[in-house]
Amino acid sequence: MEEDPDKKKKREDKAREKQLKKEKFLLKQAQEQDRHPSRASKRNGRKNVKGGVEDENPEDCVDPETPSGDKKRMSCQMSKQYSPSAVEKSWYEWWEKSGFFVADASSTKQPFVIVYPPPNVTGALHIGHALTAAIQDTMIRWRRMSGYNALWVPGMDHGGIATQVVVEKKIMREKQLTRHDLGRERFISEVWKWKHKYGGTILQQLRRLGTSMDWSRECFTMDDRRSNAVTEAFVRLYKHGLIYRDVRLVNWDCVLRTAISDIEITPAHDPEDFDVGKRHNLDFINIFTDDGKINSNGGFKFEGMPRFKAREAIIEVLQQKGLYRGSESNEMRLGVCSRSNDIVEPLIKPQWYVMSEDLGKQALHALERKKLDIIPKQFTADWKRWLGNIHDWCISRQLWWGHQIPAWYVMLEDDTLQEYGAYEDHWIVARNEKEAQEEASLRYNGKKFHLRQDPDVLDTWFSAGLYPLSVLGWPDVTEDLRAFYPTSVLETGHDIIFFWVARMVMLGMNLGGDVPFRKIYLHPMIRDAHGRKISKSLGNVIDPIEVINGISLEGLHKRLEDSNLDPKELTVARAGQKKDFPDGIDECGADALRFALVSYMAQSDKINLDIKRVVGYRQWCNKLWNAVRFAMTKLGDDYTPPAKLNPDVLPFSCQWILSVLNKTISKTIKALESFEFSNATSAVYSWWQYQLCDVFIEVVKPYFTGNDPKFASERIFAKDTLWFCLDNGLRLLHPFMPFVTEELWQRLPSPMECKREESIMISSYPSPVECWNNERVEDEMALLESAVKSLRSLSNERHERRPAFALCQTQMVTKIINNYKLEIVTLSNLSSLTVINENDPVPSGYAMSLVNESLSVYVEPQGNIFSEAGQEQIQKHIQELRKQIERLEKTINAPAYEDKVPSHIQDGNRKKLESLLKKLDTFKM
């Protein structure tokens, strides 16, 4: 048969690449010999030989350079050690350039859509964002591999108040200027510069994490399309009577000079820092009847004073006039702004509001009518409580950074009061100034006027609430909107269930005609290893890139110094970093970080993140690497896997690994479908670690030792099974660990009679194969593993291979142990295993362990020294047997036993007692 041209070209390219590497290495050696002849001759005179085989050329294990966007060029040989930086290089650029992330709005496939909660452009992403990215990428990669038209929309939020505060601090620190010194236009220009700098940083961080986002649909809440959507939403809601203007009490921040939402208010850590918690008693009658007493003392001198100083000054004046009657303690809950750390004051002020009662009822009914599902279920009660008692939503903010409210005040030339905003009925809501001008001309026909747009901006949550609509092109009826709305899942932290999630549902149902997503998955909040909240001032904020690449303690300190922390906070933060990361953070790679974060999802509402756990998964990546490396050496260069396997003809261990792989596939899919991400990682990890690596790879090694002809068929079957395990296992693991699985999967040979997909990420996700199921084989392997565990405990992990015996009490157990002696000997590292039954003499002087009531094992000790663990186990078994014998003898010897107990039960008890006594005898040394 003529060789496939693609395969031939691939083989020739590989051979050419290998030859070029060798020539390069030889040239390097020659040049070194010219420079240092004595050193080179000494080194060349030594050959690193292990097991009679010279080590591979080190140059063959180095990846050649890959031009950006090209498919990664991998080394001829796999290196002995897994390197995250080497493995995770180049793949992402190729994935992105190849269009693997792009969804097709015209596809007939079932859509699966996620909108990434847009991070604020306040700075770089932290580990909480990485958790969101890891969970969502797991979902999107799994669904894409499962045949869905998968769309994951990336974007960023302008973060109104948060971003403005950060930039204000920066300007004050660098230029000693306030935003008012700069003026609105120049200040907004400074914020855009910040956005371009840190927006780019965020996008690169997301790429480094391996997120398979559709970058062709990337958006920003203040780009033209999203800004148009915000204006349209405001106008429509206003015209429907759902937005109005009113004078009410608001939460006022005196430092930021804006109304703020409840989410920006936190309890004061130390109320004693403020002169509050007192009730002042005044002589109000005299204050207000004696009109001149205060003003005559210069009441206007308080204007412009900081409010706490003004209060002190007012009390002093009242005391001087005899109008102050003292103070008393008054307990109160003190709220401060999380941005400015200033006490929040109630202030009566005109603002714009969204009428929320009916919108809230719609969102509530969506849950009750099963149009919406919240996971975990515990948050449904919160949803009902909040929406059932919802207040109208204040959407005005007295900021400069944000969407300016599309409302204009009409100042008529003949108005008696010429102050801005004096007449509430003079407001016009329109899409632009031209439209406002036209409406004002109609309303005030013939009158002279001029317009002034409301300088306030909208609450960031308003534009964020439109996000699932606006990212798909609303208000235009786009192909994306038709194909992908409603989206499938909203995944975010439970802390913003009301401020963002509920408002998306309220606005989506009203403006989009349906819920914006079918399911809401709320993940836990990340804390540090000590359970503390993540905070810059504590020094426990972790940049995911620092975990991926690794960083020194000095590097961590440097990041703090470049932040906006004041000197006191900086000292505390540096000390926190030194305590938690005295040696910095080891390089872990994106795969290990992602897997660790997703595996944490078993915790309830908080995750106490310990970086050591991430390091552990980085070491586990090395295990995967070595498993595939072992397989590649056994498969050989000319191996071609079959299109399918017939388990009936396979050896026992091959049947077993396929059967447990089947179960793992089912468990993983079920866990992913039910958002039990920790269960999914657990299932995949356990199969790779405890079944494939610890058992199967070890148990098939004898088939490949010395090319023994008696294992010829087993060797072929083991190769085929090993390939199927690696192919399925890597595809199963891919959504969690995209980089290492792509690299290892690309190294596997392609199967016979069918062409593989170009990338693992667009290959099919594994599904169970009915004919692989084999409960009998799994039960038999379970017995073998129990026996191996007992044998290992007796040998106390010694390296010497020692003889052992297996005492079998039943024919079935005898048959199983006899059939699979090779597997037990291999896994237990024995020199031999002899099977005996109850009629054979028990080996004298051997350490013994009871596997179960039908099987005991014996291992020859080293001299007369038994394993401490084995001795302890023996004593436990003896004690348990004696208790059972004592209880049974007490029953048999009870008065009237023979008269009252049926004969068949007496026979059963007698046989059971004989069996227990016989087992006790087996413990004799």
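Scoring rules and cut-offs
- Residues numbered from 1 in each chain as written.
- Predicted model: local features only at pLDDT ≥ 70, side-chain atom pairs only at ≥ 80, totals over all residues.
- Heavy atoms only, no water.
- Helix = DSSP H or I, 4+ residues; strand = E, 2+ residues; numbered from the N terminus.
- Areas by Shrake-Rupley, 256 points an atom, 1.4 Å probe, with all protein chains shown as cover.
- Buried < 20%, exposed > 50% of the residue type's maximum accessible area, 1.4 Å probe, protein only.
- Contact = heavy atoms within 4.5 Å.
- Salt bridge = Lys/Arg side-chain N within 4 Å of Asp/Glu carboxyl O.
- Disulfide = S-S within 2.5 Å.
- Phe/Tyr/Trp six-rings, centres within 6.5 Å; stacked < 30°, edge-to-face > 60°.
- Patch = residues over 30% accessible without salt bridge, like charges linked within 9 Å, V, L, I, M, F, W, Y side chains within 5 Å.
- Polar contact = N/O pair within 3.5 Å; in protein donor to acceptor, adjacent residues only side chain to side chain.
- pLDDT = per-residue confidence, 0-100.
- Pairing = 2+ DSSP bridges.
- Axes fitted to C-alpha atoms, helices over the stretch in contact; angles between N-to-C directions.
- Core = buried A, V, L, I, M, F, W, Y, C linked by side-chain atoms within 4.5 Å.
- Left-handed = near helix turned anticlockwise from the far one by under 90°.
- Nonpolar A, V, L, I, M, F, W, Y, C, P; charged D, E, K, R; others polar.
- Parallel < 35°, antiparallel > 145°, perpendicular 65-115°, else oblique.
- Expected span 1.5 Å × (residues − 1).

Let us now look at the overall build of the protein. Helix and strand content of the protein: 34 helices and 28 strands. Total accessible area on the protein is roughly 45900 Å²; 49% of this is exposed by carbon and sulfur atoms.

Within the secondary structure, alanine 671 sits in helix α25 (residues 652-673). By relative accessible area, which is 3% here, alanine 671 ends up buried. Residues alanine 671 and threonine 681 lie 10 residues apart in sequence; the distance between their C-alpha atoms is 9.0 Å. For alanine 671, the residues in contact, after removing those within four places along its chain, are Glu676, Asn679 and Ala680.

Moving on, we come to the environment of methionine 305. Inspection of the secondary structure assignment puts methionine 305 in the loop between α11 (292-295) and α12 (307-320). The exposure class of methionine 305 is partly exposed, given its relative accessible area of 37%. Contacts of methionine 305, omitting those with residues within four sequence positions, involve Ala310 and Ala313.

The next subject is the pattern of salt bridges. Overall, the coordinates contain 47 salt bridges when judged by the stated rule. Linked through salt bridges whose partners overlap, the residues forming this network are Glu232, Arg236, Arg431 and Glu435.

Our focus in this paragraph is the state of the cysteines. A full pass over the atoms with the stated rule returns zero disulfides. Free cysteine cysteine 588: the closest other cysteine sulfur is in cysteine 621, separated by 9.5 Å.

Bringing the packing of aromatic side chains into the picture now. Under the criterion given, the structure shown has 38 aromatic pairs. With 5.7 Å between their ring centres and 20 degrees between their planes, tyrosine 244 and tyrosine 353 make a pair best called stacked. Highlighted residues: tyrosine 244 in strand β7 (residues 243-253) and tyrosine 353 in strand β13 (residues 344-354), separated in sequence by 109 residues. Assessed through its relative accessible area of 16%, tyrosine 244 is described here as buried. For the pair phenylalanine 652 and tyrosine 820, a centre-to-centre distance of 3.8 Å together with 15 degrees between the ring planes defines the contact as stacked. A residue pair is termed long-range when its members are at least 10 positions apart, and phenylalanine 652 in helix α25 and tyrosine 820 in the loop between α30 (811-819) and α31 (821-828) qualify at 168 residues.

Here the focus is a nonpolar patch on the surface. On the surface, Val247, Leu249 and Ile348 cluster together into a nonpolar patch covering about 310 Å² of accessible area. As for its position among the elements, isoleucine 348 is in strand β13.

It is worth spelling out unusual backbone geometry at this point. In this model, isoleucine 375 is joined to proline 376 through a cis peptide bond whose omega is -5 degrees. Here proline 376 is to be found in the loop between β14 (373-375) and α14 (379-388). A cis amide bond links tyrosine 485 to the next residue, proline 486, at an omega of 0 degrees. Locating proline 486 in the fold gives a position in the loop between α18 (479-484) and β21 (487-493). For alanine 896, which is not glycine, the phi dihedral falls at a positive 65 degrees. Locating alanine 896 in the fold gives a position in the loop between α32 (868-892) and α33 (897-900).

Moving on to helix α28 (residues 738-747). Counting buried positions along α28 gives 10 out of 10 residues, so the element sits mostly inside the fold. Those residues of α28 that fall on the buried side of the exposure criterion are Pro738, Phe739, Val740, Thr741, Glu742, Glu743, Leu744, Trp745, Gln746 and Arg747.

This part is about the side chain of serine 659. Looking at the secondary structure, you find serine 659 in helix α25. In terms of polar contacts, serine 659 uses its side chain to reach the backbone amide nitrogen of asparagine 774, at 2.9 Å. Once residues lying within four places of it in the same chain are set aside, the contact partners of serine 659 are Trp772, Asn773, Asn774 and Glu778.

With that out of the way, let us pick up the confidence of the model for the protein. Looking at the protein as a whole, its pLDDT mean stands at 87, while 89% of the residues score no less than 70. Every residue in residues 29-54 scores below 50 in pLDDT, and together they form nine contacts with partners more than four places removed in sequence or on other chains.

This paragraph deals with the sheet that holds strand β8 (residues 258-259). One open sheet accounts for four strands, arranged β8-β7-β13-β15; its pairing is antiparallel. One side of each edge strand has no neighbouring strand; the edge strands of this open sheet are β8 and β15 (393-394). With 11 bridges connecting them, β7 and β13 associate as antiparallel partners. Counted as the bridge partner of tyrosine 244 is tyrosine 353 from β13.

Across the sheet, which stays open at both edges, the three strands sit in the order β18-β17-β19 with antiparallel pairing between neighbours. Only two strands of the sheet have a single partner each, and these edge strands are β18 (427-429) and β19 (449-453). Across the sheet, the axes of successive neighbouring strands diverge by a mean angle of 30 degrees, strand direction being ignored. The strands that helix α15 (residues 433-443) touches are β17 (407-412), β18 and β19; relative to β19, the one it contacts most, it runs at about 140 degrees.

Counting 159 residues, the largest nonpolar core has Trp688 and Ile817 as its most contacted members. Here the element with the most residues in this core is helix α24 (residues 611-635); it accounts for 13 residues. In contact with isoleucine 817, not counting residues within four places along its chain, are Leu783, Ala806, Cys808, Ile824, Leu833, Val835 and Leu855. Of all hydrophobic cores here, the second largest spans 67 residues; its members include Trp352, Leu372, Trp393 and Leu511.

Time to look at the packing of helix α29 (residues 775-795) against α31. Axis angle and axis distance: for two packed helices, these are the angle between their axes and the distance between the axes, and together they describe the pair. Remark: α29 packs on α31, axes separated minimally by 9 Å, with the N-to-C direction vectors making an angle of 40 degrees. As α29 runs across α31, the sense of the crossing is right-handed. Where α29 approaches α31, its residues Leu784, Val788, Leu791 and Arg792 are matched on the opposing element by Glu823, Ile824, Leu827 and Ser828. Looking at the contact of α29 with α31 residue by residue, the class counts come to five nonpolar, one polar and two charged.

In this section: the packing of helix α21 (residues 553-561) against helix α22 (residues 567-580). It is the contact of α21 with α22, at a shortest axis distance of 10 Å, that shows an interaxial angle of 160 degrees. Here α21 is positioned roughly antiparallel relative to α22, judged by the angle of their axes. The element α21 and its partner α22 pack so that their crossing is right-handed. Of the residues in α22, those touching α21 at Leu553, Leu556, His557, Arg559, Leu560 and Glu561 are Leu570, Ala573, Arg574, Gln577 and Lys578. Looking at the contact of α21 with α22 residue by residue, the class counts come to five nonpolar, two polar and four charged.

Relative to the helices and strands, serine 463 resides in helix α16 (residues 460-465). Assessed through its relative accessible area of 4%, serine 463 is described here as buried. There is a polar contact of 3.0 Å between the side chain of serine 463 and the backbone oxygen of threonine 460. Once you skip the residues sitting within four places of it in the chain, serine 463 turns out to touch His158, Thr221, Val230 and His403.

Moving on, we get to the pairing of β7. One ladder, built from two bridges, connects β7 with β8; its direction is antiparallel. When the bridges of β8 are listed, tryptophan 252 appears paired with alanine 259. Between β7 and β8, which follow one another and run antiparallel, lie four residues, and arginine 257 among them has a positive phi close to 60 degrees.

Between its first and last C-alpha atoms helix α19 (residues 497-512) spans 20 Å; for 16 residues at 1.5 Å apiece the expected length is 22 Å, and the helix comes up short by more than 12%. Of all 16 residues in α19, 14 are buried; the element is thus mostly enclosed. Of the residues flanking the end of α19, it is glycine 513, one or two places downstream, whose phi is positive at about 80 degrees.

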